Amino acid sequence: MSLSQLMLGPNVVLCNAASQTYPSCNTFTHALSFFNKIEGSQATARQTAELLRSVISQQRVPYTNQAGALIDAVKAIGEQLIAANPVELAVGNIVRRVLHIIREEDLSLTTAAIGGLNLSAVSDDENDDDRDGDSTLSAAAVAAAARSTLRPPSLQTLLEDTPVSAAVPQTSSSGAADKSSRSRKLKHDVIEAVNELIQDIVTCHEQIAEQAVEHIHQNEVILTLGSSRTVLEFLFAAKEKKRSFRVFVAEGAPRYQGHLLAKELVARGLQTTLITDSAVFAMISRVNMVIVGAHAVMANGGVIAPVGMNLVALAAQKHAVPFVVLAGSHKLCPLYPHNPEVLLNELRSPSELLDFGEFSDCMDFGSGSGSPLLHVVNPAFDYVPPKLVSLFITDAGGHNPSYMYRLIADYYSADDLVVQRRATAGN
Amino acid sequence: MWHRSASFILDKNQNDTVYPADSVTLTPPPPSSISTPQNPNPNLNRNMSMSAYYQTRAAHHGVVTSDWLAQSQEAATRAVVTGGQEIVDGGKSGRAFSVIDEFNNWRKQPDLAEAVAAIRALAAVIRNSEAKTMMELEIELKKASDSLKSWDTTSISLTAGCDLFMRYVTRTSALEYEDFNSARSRLIERAEKFGEISYKARKIIAMLSQDFIFDGCTILVHGFSRVVMEVLKMAAQNKKLFRVLCTEGRPDRSGLRLANELAKLDVPVKLLIDSAVAYTMDEVDMVFVGADGVVESGGIINMMGTYQIALVAHSMNKPVYVAAESYKFARLYPLDQKDMGPALRPIDFGVPIPSKVEVETSARDYTPPQYLTLLFTDLGVLTPSVVSDELIQLYL
């Protein structure tokens, strides 16, 4: 990636990559040219969802296996989006959510169709039982088997066959008119569901903030690090409900976004104390609760958070202070981290730490001339292991880290863990 | 004085019957001397004296010493005699079909998992049965499964495999088929296919764990687990550079066998005695173990020594990964080490032990879930808390 691309921000790159395959995406790159970066997982998630929605609405679907065509289209562009920015996990999350939506809508349409067929068959002729001997599986069994493709493999389905999904459209021997209405309905349903998803992403802050009153009580002292819009809304909501509390803000070097947060909190009338990151351990014993935001939440309950968060989590554990993480559901990632400090981290420019002018003689610019001794490493993220987190507050409610796998099973399908377009058609 | 748990009363009763007062070397007493006063069923006593499951495992993977060989041959002849007494009555005379014999035949193959052997044996029951309705077949299967389970109470995957198959049979018969013969043939076909599922399961587990093995890492393994062997084999085939520290795994010394296999694959291996684990734990990056059974709390039951290794790893912040197929999930919830049925196996110290000295002969221990990091199963990568969820879904 060239330096200019780096400065533009990786999210612009991904839209450029997308526009190469889908010319309709040029509208997005156009809009993006007005501002340099999309920052933050919420905006990225929203852009990804809207992009996928336009892909789906423009995709022409054949009569049979509409879901397969849609899934292929989404996977193709999803693969490129994820490859362009693997560290921004929200992109992959939304791609997988949309794939899961397509599968779910297809399934509900199919079961509805079979249900309708069964009714008509029974009312027509009682001798149908004999003819049904040809198809060895009853419709109920097919529906049950199809349902099991949606759920992750479990002990229940261990002994079953891989369900014959090809059998499903064959049993519905309806006319062409019925099929075309089904195809329109699938796209329509999927787009509706994706609209709901976008709505959820946009309103996640409000839904999380609604739960603020249950967690923040009178005369409490809250600690946070850096700046997170979710935390801001959360604290404001508690203030609205007339709770009086104090906030300690750790400044969050090297970007010092804690300064901005402190300013906004004071503007709303909350008593705020600003401290350095190194002072967290000294002040933690006077704190009732730590509330922070996250960049992403992994499947084991671990958190990818702005750098310095691991320090705060360890301090909180040492002093038995609850460590609460606020995260919208678009941040929930179905992958298990195996080397998160390296693979899921972003190394930012050293200029945030040092002034290039002063240190130009000893700093390592990577050009190989001379023997510079000073290397500067500026990682953007930290990994907080699940045992340090007390509670996750998502727009789906408050849960503890060992419960995260349940939300993942609800939001994602097992087939989509690796987003790759398969060579063979069909599921 | 010696026993901590409240179950010491139970232990005392067992010890009185199992260990005779005078014997120079510690050998398991033949059941005939005990069977008459204590229990009418000789099978129970044989279970208390030697666990057939661990005996089989040792026969497959352990190093065989001469008097161990003598003991196992003795046990094998006893097994055939008592096994023949179990006849599954399907309402026919003259055909003494024994599900236990069938099971033993399958179990002898070293590469076959216990649960697969159990399911194959049950499939043979279906094949040989003369039942005309699903209900009758289910009753026969239940009887066969119960006799299998009671024959070797110490094998968890046997119990879990039987339960899984019974559950599948009940669900299938309720849902799908009008015709009995097609249902029956489908059950037999699924049971035979289960063997493939188990091989596939090992491959899936190996694939899932590949990401967690990085270049230059040091892996500690305990004893011999076929699943872990598959994981390491696949990593070696993918040209990953890693090093394995392998414990000896007393008393059956299955670690020696594992070291042999790894040396064949050109993987750098270092053998440790079991007591050297804490000494070398700081150079270890992760611990990989298999499991004999995965219990409801998310903990595992595995060869003796696993709990110790997990404790040391936890105190030094090293991750402990478990590779276990999903049919090893069992509906057990042990609260402490002595909570499970005893699985004993004789230990050969090489020198005669005076009879007054007691020997701890348990073959397995229980590792609680808080010391485990992740479980790799064919259902995916799971954290220990997911296990109970899966079990509830199956049995509810």
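Residues numbered from 1 in each chain as written. Chains lettered and ligands numbered in written order. Predicted model: local features only at pLDDT ≥ 70, side-chain atom pairs only at ≥ 80, totals over all residues. Heavy atoms only, no water.

1. Thoughts on the overall build of chain A
Thinking step 1. Along its length, chain A carries 19 helices and 10 strands.
Thinking step 2. With 427 residues in all, chain A has 47% of them scored as buried.
Thinking step 3. Once local pairs closer than 6 in sequence are excluded, the contacts in chain A between residues at least 24 apart make up 79%.
Thinking step 4. As presented, chain A carries roughly 20900 Å² of accessible surface, and 53% of it is formed by carbon and sulfur atoms. (Helix = DSSP H or I, 4+ residues; strand = E, 2+ residues; numbered from the N terminus. Buried < 20%, exposed > 50% of the residue type's maximum accessible area, 1.4 Å probe, protein only. Contact = heavy atoms within 4.5 Å. Areas by Shrake-Rupley, 256 points an atom, 1.4 Å probe, with all protein chains shown as cover.)

2. A look at unusual backbone geometry
Thinking step 1. Here the residue pair Ala253(A) and Pro254(A) is connected by a cis peptide bond, since its omega of 0° sits within 30 degrees of zero.
Thinking step 2. With respect to the helices, strands and loops of the structure, Pro254(A) is situated in the loop between strand E2 (245–250) and helix H14 (257–267).
Thinking step 3. The backbone phi angle of Asn219(A) is positive, close to 60°, even though this residue is not glycine.
Thinking step 4. Structurally, Asn219(A) is set in the loop between helix H12 (212–215) and strand E1 (220–225).
Thinking step 5. When its relative accessible area of 63% is taken as the criterion, Asn219(A) is described as exposed.
Thinking step 6. The phi dihedral of Asn317(B) falls on the positive side, at around 60°, and the residue is not glycine.
Thinking step 7. Mapping Asn317(B) onto the fold places it in the loop between helix H14 (306–315) and strand E7 (320–323).

3. A word on the packing of aromatic side chains
Thinking step 1. What the rule picks out here adds up to 6 aromatic pairs over all chains.
Thinking step 2. On the basis of an interplanar angle of 55° and a centroid distance of 5.8 Å, the ring pair of Phe288(B) and Tyr321(B) is categorised as tilted. With Phe288(B) in strand E4 (residues 286–289) and Tyr321(B) in strand E7, this pair connects stretches of sequence that are 33 residues apart.
Thinking step 3. Owing to a relative accessible area of 0%, Phe288(B) belongs among the buried residues under this scheme.
Thinking step 4. Grouping aromatic residues by their ring pairs yields a cluster made of Phe212(B), Phe288(B), Tyr321(B) and Phe376(B).
Thinking step 5. In this structure, Arg97(A) packs its charged tip against the face of Tyr411(A), placed 4.1 Å from the ring centre.
Thinking step 6. Here the guanidinium or amino end of Arg268(A) rests over the ring plane of Phe236(A), the centre of that ring lying 3.9 Å away. (Phe/Tyr/Trp six-rings, centres within 6.5 Å; stacked < 30°, edge-to-face > 60°. Lys NZ or Arg CZ within 6 Å of the ring centre and 35° of its normal.)

4. Details of the sheet that holds strand E3 (residues 269–272) of chain B
Consider a sheet: its strands pair through backbone hydrogen bonds, and that pairing is either parallel or antiparallel.
All names here are of chain B.
Thinking step 1. Pairing is mixed in the open sheet, where 7 strands are placed in the order E3-E2-E1-E4-E7-E9-E10. Since the sheet does not close on itself, it has two edges, and those belong to E3 and strand E10 (380–382), each with one partner. This sheet shows a mean twist of 25° between the axes of neighbouring strands, independent of strand direction.
Thinking step 2. Pairing of strand E9 (residues 374–377) with E10, which is carried by 3 bridges, proceeds in the antiparallel orientation. Paired with Phe-376 across the strands is Val-381, a residue of E10. (Pairing = 2+ DSSP bridges. Axes fitted to C-alpha atoms, helices over the stretch in contact; angles between N-to-C directions.)

5. Section: the environment of Tyr199(B)
Residue and element names in this part refer to chain B.
Thinking step 1. Within the secondary structure layout, Tyr-199 lies in helix H10 (residues 180–209).
Thinking step 2. On the accessibility criterion, Tyr-199 (40% relative accessible area) is partly exposed.
Thinking step 3. Taking the C-alpha atoms as reference points, Tyr-199 and Leu-112, separated by 87 residues in sequence, lie 8.7 Å from one another.

6. Topic: the pairing of strand E4 (residues 289–293) of chain A
All names here are of chain A.
Thinking step 1. For E4, the tally of buried residues reaches 5 of 5 residues, placing the bulk of the element in the interior.
Thinking step 2. Because side chains alternate across E4, one face comprises the buried residues Met-289, Ile-291 and Gly-293, and the other comprises Val-290 and Val-292, equally buried.
Thinking step 3. Here 2 bridges tie E1 to E4, and the two strands are oriented parallel to one another. Residue pairing in the sheet places Ile-222 in a bridge with Met-289 of E4.
Thinking step 4. Looking at chain direction, E4 and strand E7 (residues 323–326) are connected through 4 bridges and run parallel. By the bridge assignment, Val-290 is partnered in E7 with Phe-323.

7. What about helix H5 (residues 66–84) of chain A?
Thinking step 1. Spanning 19 residues, H5(A) covers 28 Å between terminal C-alpha atoms, matching the ideal 27 Å at 1.5 Å per step.
Thinking step 2. Counting buried positions along H5(A) yields 14 of 19 residues, so the element is predominantly enclosed. (Expected span 1.5 Å × (residues − 1).)

8. Considerations on the pattern of salt bridges
Residues and elements named next belong to chain A.
Thinking step 1. Considering all chains together, one arrives at 15 salt bridges over all chains under this definition.
Thinking step 2. Of the charged contacts in the structure, one is a salt bridge between Arg-46 and Glu-50, with a shortest N-O distance of 3.2 Å. Here Glu-50 and Arg-46 lie together in helix H4 (residues 41–58), a separation of 4 residues that amounts to about one turn.
Thinking step 3. Using a relative accessible area of 39% as the deciding quantity, one classes Arg-46 as partly exposed.
Thinking step 4. On the basis of relative accessibility, which here comes to 19%, the residue Glu-50 falls in the buried class. (Salt bridge = Lys/Arg side-chain N within 4 Å of Asp/Glu carboxyl O.)

9. Thoughts on helix H7 (residues 114–128) of chain B
Thinking step 1. Between the first and last C-alpha of H7(B) there are 21 Å, a value that for 15 residues agrees with the 21 Å anticipated at 1.5 Å per step.
Thinking step 2. With respect to burial, H7(B) is a largely interior element, 13 of its 15 residues being buried.

10. Looking at the nonpolar core
Thinking step 1. Ranked by internal contacts, the top residues of the largest apolar core, which has 64 residues, are Leu223(A), Val290(A), Phe323(A), Ile219(B), Val221(B), Phe242(B) and Phe288(B).
Thinking step 2. Looking at which element gives the most residues to this core, the answer is helix H11 (residues 226–237) of chain B, with 7 residues.
Thinking step 3. Setting aside its immediate chain neighbours within four residues, Val290(A) contacts Leu223(A), Ile284(A), Val312(A), Ala316(A), Val321(A), Pro322(A), Phe323(A) and Val324(A).
Thinking step 4. Ala118(B), Ile126(B), Leu164(B) and Ile197(B) belong to the second largest nonpolar core, which has 38 residues in total. (Core = buried A, V, L, I, M, F, W, Y, C linked by side-chain atoms within 4.5 Å.)

11. Overview of the pairing of strand E6 (residues 303–306) of chain A
Residues and elements named next belong to chain A.
Thinking step 1. As paired elements, strand E5 (residues 296–297) and E6 share 2 bridges and run antiparallel to each other. Pairing of Val-297 across the sheet is with Val-303, part of E6.
Thinking step 2. Pairing between E6 and strand E8 (residues 381–384): 4 bridges, direction antiparallel. Paired with Pro-306 across the bridge in E8 is Phe-381.

12. Quick word on the confidence of the model for chain B
When pLDDT drops low, the exact placement of atoms in the prediction is not to be read closely.
Residue and element names in this part refer to chain B.
Thinking step 1. Confidence in the prediction for chain B averages 77 pLDDT; 75% of positions are at 70 or higher.
Thinking step 2. Looking across chain B, the model is least confident in helix H2 (residues 32–35), with a mean pLDDT of 37, and most confident in H14, with 96.
Thinking step 3. Taken together, the stretch residues 17–48 has pLDDT below 50 and engages in 40 contacts with residues farther than four places along the chain or on a different chain.
Thinking step 4. Here residues 81–95 is modelled with pLDDT under 50, and outside its nearest four sequence neighbours on either side it reaches 21 contacts, counting other chains as well.
Thinking step 5. Across the assembled chains, the prediction reports ipTM 0.73 with pTM 0.76. (pLDDT = per-residue confidence, 0-100.)

13. Regarding the environment of Ser41(A)
Residues and elements named next belong to chain A.
Thinking step 1. Along the chain, the position of Ser-41 falls in helix H4.
Thinking step 2. By relative accessible area, which is 7% here, Ser-41 ends up buried.
Thinking step 3. If sequence neighbours within four positions are ignored, Ser-41 has contacts with Glu-88, Ala-90, His-295, His-330 and Lys-331.

14. What to know about the packing of helix H13 (residues 229–240) of chain A against H14(A)
Residue and element names in this part refer to chain A.
Thinking step 1. The interhelical angle for the contact between H13 and H14, taken along N-to-C directions, is 20°, at an axis separation of 11 Å. Taken together, the axes of H13 and H14 are roughly parallel relative to one another. Where H13 crosses over H14, the handedness of that crossing is right-handed. Of the residues in H14, those in contact with Leu-232, Leu-235 and Phe-236 of H13 are Leu-261, Glu-264 and Leu-265.
Thinking step 2. A per-class count over the contact of H13 with H14 returns 5 nonpolar, no polar and 1 charged. (Parallel < 35°, antiparallel > 145°, perpendicular 65-115°, else oblique. Left-handed = near helix turned anticlockwise from the far one by under 90°. Nonpolar A, V, L, I, M, F, W, Y, C, P; charged D, E, K, R; others polar.)

15. Some points on the packing of H10(B) against H11(B)
Residue and element names in this part refer to chain B.
Thinking step 1. The contact between H10 and H11 brings their axes to 8 Å, and the two run at 50°. As summarised for this structure, H10 and H11 are arranged oblique, according to the angle between their axes. Two packed elements cross with a definite hand, and for H10 against H11 that hand is right-handed. Residues Arg-202, Lys-203, Ile-205, Ala-206, Met-207 and Ser-209 of H10 pack against Arg-226, Val-227, Glu-230, Val-231 and Met-234 of H11.

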